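Notes for the structure review
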Amino acid sequence: MSDLPGDLLYTKEHEWLRKEDDGSVTIGVTDHAQAALGDMVYVELPEIDQDVEENGEMAVVESVKAASDVYSPVAGSVVAVNEALADEPEIVNSDPYGDGWIVRLQPSADIDYADLMSPDAYQQLLDELED
Amino acid sequence: MPFIPHTEKDTEEMLAAIGVEHIDDLFDEIPKELLAGKLERVPEALNEMQVSRLMRERASLDGTPMCFIGAGAYEHHIPTAVWDIATRGEYYSAYTPYQAEASQGTLQTIYEYQTLITELTGLDASNASLYDGASALAEAALMAVRANRTNKSRRVLLAPGVSHVAQKVAEAIAGNQGITFERLPVNAATGTVDFDALDDTAEAVAVAIQQPTFVGTLEDVDRLTDWAHARKAYAVGVVNPTSLAILKAPGQWGEAGADIACGEGQPLGSPLSSGGPYLGFMTCKQKHVRQMPGRIVGRTTDLEGNVGYALTLQAREQHIRRSKATSNICTNQGLLMTAATIYMSLLGFDGLGRVARASHANTAALVEGLTGIDGIERIYDGPFFHEAALRLKKSVAEVLEALAERDILGGYDLSSDYPELGNALLVCATETKTTEDIAAYVSAMAEVMAA
């Protein structure tokens, strides 16, 4: 079990979210998610300026085993996508919390923290999944 | 691949193993009110001898008329080798076996088919085939909506040359998903799009461009493709595969080429067979491949470095992606695709070109003969491929009936799809017709028109 970065928030769908200084949020999938999906072969990214609903589908990560939707924990508008994933989707496997980020959103409303988990809470979820 | 049916004992053992008494009990979850009950109009079963006799009697009713009908399905010479090979035990199956460990031959055939179709259409990627040309248009519309994500429109514009039957099928399949199909204005002199009447503010997710048009004329595909791209709509080429041996491939249309090409693959080795089964083909640019419906076979190497074939990009498909799949097609039109592959391989590009040129020449000769008859004229100016629309001074239905009595299927009556054309007849003479056949048709038509 890898150490979870302490500066991120997590969802039960295994996305992570980082609040940036400029008010935007960066979103990716967790190490658990990338390990469960296996080797990534393709990441379908949204368009810049595309509006995303809370818990709405925003991207698709496709591995050799499955294609899985990435849901946005917050409503907002896409301000950046990780273009590097178009040619090297495997970065999601090798560095899920860093260079493997997927989308950056500008939230359109206050973030509902009730639905997001701290690293400790997410670790607890992972522990329960292991049992 | 052998088909081994279950014996009664097998069935009993399986039912016993899962603790079910009758097979019908497995369908208990279907509510009783949804069961159809007895089908009153379905006749009682016949034995093999009775079925053979019935089929012989029905087949004899068809006779062996000379066929000058095109309108989407075309009589071409099919080399005997095509179906001799396609019906070998290794190929002959209603079901396409996809397991890589058991089906390298079938998978390689599909791979070759995909290669041939991409070469013919000038695009990068092909699927393993779809049900038919009309459902391929519906799938192309759905694909355009998925892939063209900078464009939120769900409106598909159809060039006037797109088949009305294909439009009806596409509306039946894609209509409930909020996709609408609307026709672009027609130039009455050519049967192609009227560029002067085009609304340059029109929003659309895709523009479907049929070449040749249903009425046989040739669309300005370059200009229409560029018009589509100028409004961020995908250009979808709906093409006759035989014509691609002499006409520009969709991949080369306009500045950027069509995004998707699809069409009816029947002319490639499938008999007319009273309307089916046929096969649909579909190709696209590489960047859209993940939105393509249906199966795709890829070439790879195994652990020992040997070339092998396997289904690829399966995460798009229903068995993995479930409700988010690109399509509910989880199969292909295997047998007809096999025939198409063999047909294309036997003819080669040059051979297909000879078929196309001979069909054009025969239709040109037929049109010349028929328009020499009093009361028959061409409806459209300009070039055509292997079909042409004629206006008759008499009722087309009556003329066709009189020709049928002379054992000639004289063409397709356009009056229901195109009432504005009046007494309009679409004729086609492929390479299967001889000079004598054409002369016989012209002479019969002269009699009928003079009567």
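This structure is a prediction, so every number in the text was calculated from the model and none was measured.

Summing up its helical and strand segments, chain A has 4 helices and 9 strands in all. Its C-alpha atoms give chain A principal-axis dimensions of about 40 × 35 × 25 Å. Buried residues in chain A amount to 39% of all 131 residues.

Okay, the nonpolar core next. Core analysis: the biggest nonpolar cluster contains 124 residues, and B:Ala141, B:Ala144, B:Val207 and B:Val236 have the highest contact counts within it. Top contributing element to this core by residue count: helix H9 (residues 334-371) of chain B, with 15 residues. In terms of domain composition, this core takes at least three residues from each of domain 2 (80-342) and domain 3 (348-450) of chain B. Setting aside residues no more than four positions away along its own chain, B:Val207 makes contact with B:Leu157, B:Ala159, B:Leu224, B:Ala228, B:Ala233, B:Ala235 and B:Val236. Within the second largest apolar cluster, 30 residues are counted, among which are A:Leu17, A:Val52, A:Met58 and A:Val74.

Moving on, we get to the confidence of the model for chain B. The pLDDT averaged across chain B works out to 94; a share of 99% of its residues lies at or above 70. ipTM for the predicted complex: 0.76, alongside a pTM of 0.88.

The next point concerns the sheet that holds strand S15 (residues 424-428) of chain B. Pairing between sheet strands relies on hydrogen bonds along the backbone, with the strands arranged either parallel or antiparallel. All names here are of chain B. Pairing is antiparallel across the open sheet formed by 4 strands, whose spatial order is S11-S12-S15-S14. Edge positions in the open sheet fall to strand S11 (376-378) and strand S14 (412-413), since each of these has one partner strand only. The pairing of strand S12 (residues 387-392) with S15 spans 5 bridges and is classified as antiparallel. Looking at S15, one finds that Ala389 is bridged to Leu426.

Right, let's get into the sheet that holds strand S6 (residues 57-63) of chain A. Residues and elements named next belong to chain A. Taken together, 3 strands build an open sheet; the order of strands is S4-S6-S7 and the sheet is antiparallel. The sheet is open, and its two edges are formed by strand S4 (40-44) and strand S7 (67-71), each paired on a single side. Between one strand axis and the next, the sheet turns through 25° on average, direction left out of account. Inspection of the sheet shows S6 paired to S7 by 5 bridges, in the antiparallel sense. What sits directly across from Val60, in S7, is Asp69.

Residues and elements named next belong to chain B. Mapped onto the secondary structure, His164 falls in helix H6 (residues 164-174). You can call His164 partly exposed: it has 15 C-beta atoms within 10 Å. His164 sits 53 residues away from Thr217 along the chain, and the two C-alpha atoms are 16 Å apart.

Counting residues at the interface gives 5 residues for chain A and 6 residues for chain B. For the side of chain A that touches chain B, a count of residues per class yields 3 nonpolar, no polar and 2 charged.

Once that is clear, we can look at unusual backbone geometry. Cis geometry marks the peptide bond from B:Gln211 to B:Pro212; its omega dihedral reads -10°. Among the structural elements, B:Pro212 can be located in the loop between strand S5 (206-211) and helix H7 (221-230). Between B:Gly276 and B:Pro277 the backbone carries a cis peptide bond, its omega angle lying at 0°. Assignment of secondary structure puts B:Pro277 in the loop between strand S7 (260-264) and strand S8 (280-284). Although it is not a glycine, A:Asn55 adopts a positive phi angle of roughly 65°. Mapping A:Asn55 onto the fold places it in the loop between strand S5 (51-52) and S6. Take A:Asn55: there are 14 C-beta atoms within 10 Å of it, and that puts it in the partly exposed class. Non-glycine residue B:Ser274 carries a positive phi angle of around 55°. Within the fold, B:Ser274 resides in the loop between S7 and S8.

Next up on the list: the pairing of S15(B). Judged by how many residues are buried, S15(B) sits mostly within the fold: 5 of 5 residues are covered. Taking every second residue as pointing to the same face, both faces of S15(B) are buried, with B:Ala424, B:Leu426 and B:Cys428 on one and B:Leu425 and B:Val427 on the other.

A word on the environment of B:Val165. Residues and elements named next belong to chain B. By secondary structure assignment, the location of Val165 is in helix H6. Given 15 C-beta atoms within 10 Å, Val165 falls into the partly exposed group. Measuring from C-alpha to C-alpha, the distance between Val165 and Ala134 comes to 7.3 Å, with 31 residues separating the pair along the chain. Ignoring sequence-local partners within four residues, the contact set of Val165 consists of Gly72 and Ala134.

Before going further, it helps to spend a moment on the domain arrangement of chain B. All names here are of chain B. In terms of domains, chain B is made up of domain 1 (8-57), domain 2 (80-342) and domain 3 (348-450). Here the C-alpha centroids of domain 2 and domain 3 sit 28 Å apart. Listed per partner, the contact involves 13 residues of domain 2 and 18 residues of domain 3. Residue classes in the side of domain 2 that touches domain 3 are distributed as 6 nonpolar, 7 polar and no charged.

Turning our attention to helix H1 (residues 8-18) of chain B. Here H1(B) lies mainly on the outside; 0 of its 11 residues are buried. Looking one or two residues past H1(B), B:Gly19 carries a phi angle of roughly 70°, positive in sign.

Time to look at the packing of helix H10 (residues 396-405) of chain B against helix H11 (residues 435-450) of chain B. Residues and elements named next belong to chain B. As a packed pair, H10 and H11 sit with axes 10 Å apart at the nearest point and diverge in direction by 130°. As summarised for this structure, H10 and H11 are arranged oblique, according to the angle between their axes. The two elements H10 and H11 cross, and the hand of that crossing is right-handed. Facing Val399, Ala402 and Leu403 of H10, the residues of H11 in contact are Ala444, Met445 and Val448. Across the contact of H10 with H11, the residue classes tally to 6 nonpolar, no polar and no charged.

Reading the values: the criteria
- Residues numbered from 1 in each chain as written.
- Chains lettered and ligands numbered in written order.
- Predicted model: local features only at pLDDT ≥ 70, side-chain atom pairs only at ≥ 80, totals over all residues.
- Helix = DSSP H or I, 4+ residues; strand = E, 2+ residues; numbered from the N terminus.
- Buried ≥ 20, exposed ≤ 12 C-beta atoms within 10 Å, placed from the backbone.
- Core = buried A, V, L, I, M, F, W, Y, C linked by C-beta atoms within 7 Å.
- Domains from an automatic or database assignment.
- Contact = placed C-beta atoms within 7 Å.
- pLDDT = per-residue confidence, 0-100.
- Pairing = 2+ DSSP bridges.
- Axes fitted to C-alpha atoms, helices over the stretch in contact; angles between N-to-C directions.
- Nonpolar A, V, L, I, M, F, W, Y, C, P; charged D, E, K, R; others polar.
- Parallel < 35°, antiparallel > 145°, perpendicular 65-115°, else oblique.
- Left-handed = near helix turned anticlockwise from the far one by under 90°.

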